[in-house]
Amino acid sequence: MKRASNSYRLQLIKEVATRQERLHSGDPLATYIQNLLDEQPDIDKNIENNQRFSGCHFDDHAGGWVSDKWGMK
């Protein structure tokens, strides 16, 4: 695995520090907003796996868009 760049690591540290500051600030609004940011919305989980577009469909196993005219052999 490649090492993360210095700027990427610095950004991660900054995000963690900001998050901790919001959670422990004692400000209920800041805590509420941080909790909203941390939640994983159900919308992302319900994305349709077999999307169709112009005679093609997205196939995770094939790694991309596949023509509807192609069949399994």
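In the block above lies the structure referred to throughout.
What counts, and at which threshold
Residues numbered from 1 in each chain as written. Predicted model: local features only at pLDDT ≥ 70, side-chain atom pairs only at ≥ 80, totals over all residues. Heavy atoms only, no water. Salt bridge = Lys/Arg side-chain N within 4 Å of Asp/Glu carboxyl O. Helix = DSSP H or I, 4+ residues; strand = E, 2+ residues; numbered from the N terminus. Buried < 20%, exposed > 50% of the residue type's maximum accessible area, 1.4 Å probe, protein only. Axes fitted to C-alpha atoms, helices over the stretch in contact; angles between N-to-C directions. Parallel < 35°, antiparallel > 145°, perpendicular 65-115°, else oblique. Contact = heavy atoms within 4.5 Å. Nonpolar A, V, L, I, M, F, W, Y, C, P; charged D, E, K, R; others polar.

> What's the story with the pattern of salt bridges in this structure? I'm lost.
Two side chains that carry opposite charge are able to pair once their charged atoms sit near each other. By the definition in use, this model includes 1 salt bridge. For Arg19, the salt bridge is made with Asp38, and the minimal N-O distance between the two is 3.0 Å. Taken as a pair, Arg19 in helix H1 (residues 6-23) and Asp38 in helix H2 (residues 28-38) lie far apart in primary sequence, 19 residues in all. When its relative accessible area of 31% is taken as the criterion, Arg19 is described as partly exposed. Accessibility expressed as a relative area gives 31% for Asp38, which makes it partly exposed.

> Sorry if this is basic, but what is going on with the packing of H1 against H2 here?
Packed helices, taken two at a time, are described by the angle between their axes plus the distance between the axes. The geometry of H1 relative to H2 is characterised by a closest axis approach of 8 Å and an angle of 135° between their N-to-C directions. For the element pair H1 / H2, the angle class is oblique. Between H1 and H2, the residues in contact are Arg19, Arg22 and Leu23 and Ala30, Thr31, Gln34, Asn35, Leu37 and Asp38, respectively. Class assignment of the residues belonging to the contact of H1 with H2 gives a composition of 3 nonpolar, 3 polar and 3 charged.

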